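Per-entry structural report
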Amino acid sequence: MNYPLQYIFEEAYFLDLVLFVDERVLIPRPETEELVVFILEADIPAEKTKVLDIGTGSGCIPISLARKRPHWQIESIDTSTQALEVAKINAEKYKTASVLFKILIS
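Description of unusual backbone geometry
Despite not being glycine, Glu10 shows a phi value in the positive range, around 55°. Structurally, Glu10 can be placed in the loop between α1 (5-9) and β1 (12-14). Phi angles above zero are rare outside glycine, and Lys95 is one such case at about 50°. Mapped onto the elements of the fold, Lys95 is located in the loop between α4 (81-93) and β5 (100-103).

Focus: the packing of aromatic side chains
For the coordinates displayed, the defined rule picks out one aromatic pair. Arg69 extends its terminal NZ or CZ atom over the ring of Trp72, reaching a point 5.9 Å from the ring centre.

Digging into a nonpolar patch on the surface
Taken together, Met1, Tyr3, Leu5, Ile8 and Phe9 make up a surface patch of nonpolar side chains, about 630 Å² in accessible area. Relative to the assigned elements, Leu5 resides in helix α1. For Leu5, a relative accessible area of 55% gives the class exposed.

Conventions used here
- Residues numbered from 1 in each chain as written.
- Predicted model: local features only at pLDDT ≥ 70, side-chain atom pairs only at ≥ 80, totals over all residues.
- Heavy atoms only, no water.
- Helix = DSSP H or I, 4+ residues; strand = E, 2+ residues; numbered from the N terminus.
- Phe/Tyr/Trp six-rings, centres within 6.5 Å; stacked < 30°, edge-to-face > 60°.
- Lys NZ or Arg CZ within 6 Å of the ring centre and 35° of its normal.
- Patch = residues over 30% accessible without salt bridge, like charges linked within 9 Å, V, L, I, M, F, W, Y side chains within 5 Å.
- Areas by Shrake-Rupley, 256 points an atom, 1.4 Å probe, with all protein chains shown as cover.
- Salt bridge = Lys/Arg side-chain N within 4 Å of Asp/Glu carboxyl O.
- Buried < 20%, exposed > 50% of the residue type's maximum accessible area, 1.4 Å probe, protein only.

See below:
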């Protein structure tokens, strides 16, 4: 049986984070790390910056951004309540309570 190690150990590495993951979310990809690095290196105004993460999954993007840019307003949405449960576990672990997680009902 092919089963990802990340699901067996219930953790995935993302930038400087060790995130909780299980079958409720996809495993964060290296390309997503590149996206976060690109955003953090961009010349984005410090004040009144708002970020919307659609399909947040494990919460890797908003949590990484919130840790490096705590003054940004970050909101994350997903259609899966189970995925949001995982994202909230990770947000609590990394003390990023400023990230707002919401369910998107289609």
